[in-house]
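# Understanding the architecture of this molecule
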Amino acid sequence: MKNNNGTVHPSKIKEMKKYLDDYMRIKGRALREKNTYFCVLHDEKRPSLKSYWLNNDPNTGVRKAKCFSCGASFDVYDLVAALEGVKGLKEQYYRLCEVLGENITTEEEREKEANKSKQKLTVDEVEEYLSKCNQMTGIPFWKERGITEKTILEYRLTYDENKRALVIPFGKEGYVQRYLQHSSYRYMKSSGLRDYFRSQNMNRKLPIILTEGEIDALSIIEAGYPNVISLGSIVNLINVYEGIVATTDLDVIIAVDLDTAGRKWMQDLINTCVTIGWRKPINLWDCIRQPIDTSCKDINDYLIKHRSILEECLDGLKELYGGSHEEIDG
Ligand SMILES: [Zn+2]
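This text gives an overview of the structure that appears in the document.

Attention shifts here to the nonpolar core. Counting residues in each nonpolar core, the largest one holds 47 residues, and the members touching the most others are Tyr23, Leu210, Tyr241 and Ile254. Residue assignment for this core shows that the elements contributing at least two residues are α2 (20-26), β3 (63-67), α3 (76-84), α4 (89-100), β9 (208-211), α10 (237-247), β11 (252-255) and α11 (260-276). By residue number, the principal contributor to this core is α10, which donates six residues. When residues are assigned to domains, this core turns out to be shared by domain 1 (10-104) and domain 3 (208-321), each giving three or more. Setting aside anything within four residues of it in sequence, one finds Ile254 in contact with Leu210, Leu237, Tyr241, Met266, Leu269, Pro281, Ile282, Asn283 and Leu284. Counting residues in hydrophobic clusters, the runner-up holds 37 residues, among them Ile152, Ile209, Ile221 and Leu317.

One open sheet holds the four strands; their spatial order is β10-β9-β11-β12, and the pairing between them is parallel. Two strands bound the open sheet, and with one partner strand each, they are β10 (228-230) and β12 (282-283). Those strands touched by α10 are β9, β10 and β11, and its axis lies near 170° from that of β9.

This part is about the pattern of salt bridges. Pairs may arise between side chains of opposite charge once their charged atoms sit close together. This model, assessed by the stated rule, comprises 16 salt bridges. Between Lys143 and Glu149 there is a salt bridge, with its nearest N and O atoms 2.9 Å apart. Residue classification places Lys143 among the partly exposed positions, given a relative accessible area of 40%. We classify Glu149 as partly exposed; its relative accessible area is 35%. Across the pair Glu311 and Arg307 runs a salt bridge, and its minimum N-O distance is 3.0 Å. With Glu311 and Arg307 both in helix α12 (residues 299-321) and four residues apart, the pair spans about one turn of that helix. The network of salt bridges with common partners includes Lys27, Glu84, Arg95 and Glu98.

This next bit is on the coordination of the zinc ion. Those donors, Cys39 (SG), His42 (NE2), Cys67 (SG) and Cys70 (SG), are the protein atoms that reach the zinc ion, and they lie 2.0 to 2.4 Å from it. Coordination at the zinc ion comes from four donor atoms whose angles at the metal span 101 to 119°, giving a geometry best classed as tetrahedral. By relative accessible area, Cys70 is classed as partly exposed at 39%.

The next subject is the packing of α3 against α4. One way to put it is that α3 packs onto α4 with a least axis distance of 10 Å and a crossing angle of 85°. Considering their axes alone, α3 and α4 lie roughly perpendicular with respect to each other. Touching Val76, Tyr77, Val80, Ala81 and Glu84 of α3 are Leu89, Gln92, Tyr93, Arg95, Leu96 and Val99, all from α4. Class assignment of the residues belonging to the contact of α3 with α4 gives a composition of eight nonpolar, one polar and two charged.

Here the focus is the packing of aromatic side chains. If you walk through the whole model with that rule in mind, you get seven aromatic pairs. Summarising the aromatic geometry, the rings of Tyr129 and Tyr175 are spaced 4.2 Å apart at their centres and angled 15° between planes, so their arrangement reads as stacked. A residue pair is termed long-range when its members are at least 10 positions apart, and Tyr129 in helix α6 (residues 123-132) and Tyr175 in strand β7 (residues 174-179) qualify at 46 residues. We note that Tyr129, like Tyr175, is buried. When the centroid spacing of 5.8 Å and the interplanar angle of 55° are considered together, the rings of Tyr155 and Phe197 count as tilted. In this pair, Tyr155 sits in the loop between α8 (149-154) and β5 (158-160) while Phe197 sits in the loop between β8 (187-189) and β9, placing the two residues 42 residues apart along the sequence. Assessed through its relative accessible area of 6%, Tyr155 is described here as buried. A network of ring pairs unites the aromatic residues Tyr155, Phe170 and Phe197 as a single cluster.

What counts, and where the lines are drawn
Residues numbered from 1 in each chain as written. Predicted model: local features only at pLDDT ≥ 70, side-chain atom pairs only at ≥ 80, totals over all residues. Heavy atoms only, no water. Core = buried A, V, L, I, M, F, W, Y, C linked by side-chain atoms within 4.5 Å. Buried < 20%, exposed > 50% of the residue type's maximum accessible area, 1.4 Å probe, protein only. Helix = DSSP H or I, 4+ residues; strand = E, 2+ residues; numbered from the N terminus. Domains from an automatic or database assignment. Contact = heavy atoms within 4.5 Å. Pairing = 2+ DSSP bridges. Axes fitted to C-alpha atoms, helices over the stretch in contact; angles between N-to-C directions. Salt bridge = Lys/Arg side-chain N within 4 Å of Asp/Glu carboxyl O. Donors = N, O, S within 2.8 Å, 3.2 Å for Na, K, Ca; no water. Tetrahedral: all angles 85-135°; square planar, octahedral: opposite > 155°, others 65-115°. Parallel < 35°, antiparallel > 145°, perpendicular 65-115°, else oblique. Nonpolar A, V, L, I, M, F, W, Y, C, P; charged D, E, K, R; others polar. Phe/Tyr/Trp six-rings, centres within 6.5 Å; stacked < 30°, edge-to-face > 60°.

Below, the structure written as structure tokens:
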């Protein structure tokens, strides 16, 4: 537990009020429709809680929500009190810090993102960058992660020698760099890239597996399973899941990291499914027959340390869903 004896500056208390929507989304109270949530005070089939800027003015920096069913109105602190029973402004503030974690974006970051989207790399720029990378030099680094030539060639995985980064192309749209040595960040997407990394040639019968990182997705591909999408970050879990259940009837298998954040997000997703009535996800870790090696932190670790167990699990899924496989009787 955090020691919460310090005082919180009023400006911090106020700043938090703009994250009302982030909080509601994380708590699984959001629907597809923007700024619309299930009321926190009563059950309802159709969400009637709407969020808005105080006085309709974003410059106030204060986000409010009003329920058009029961008439109650809230700021983000009222919501924490109602949903989680946290009392006292300071305690509520710390709880919000915990829940939002690194997911909150400052105005400057939002602006930076907006600028980025204006400058998405062209296909030619992506191609030019990739051609300057050195695939040969990268092969040992990829192999250390259990990724072999077949996948390296098929997905055109490469290596940026200057930046000492593994490079994962998203088709022709852009790429993500995975820095091997950098203290403040590990992953960097190319300018304006908003896509998720996904496997080529998906099989229409088989469930889609969602992983946290791109290298986890490549690990699933390496282990012989064709349908995988990487979230890039766990914070995209609910959005991506929503997109899949809204547009396909495929089952979705979640392979989040074996850490507290992964577990928390998985639970939040399940709660959201119950609230909204989405079909529930399958947890990949539940599909592994052997006891889970808890010294592994993610799918890539499993590929490295327990390749055959991972392959067996994925083969089992293919068999279960009748996806393409060659079966030898006897
Ligand atoms: Zn209400």
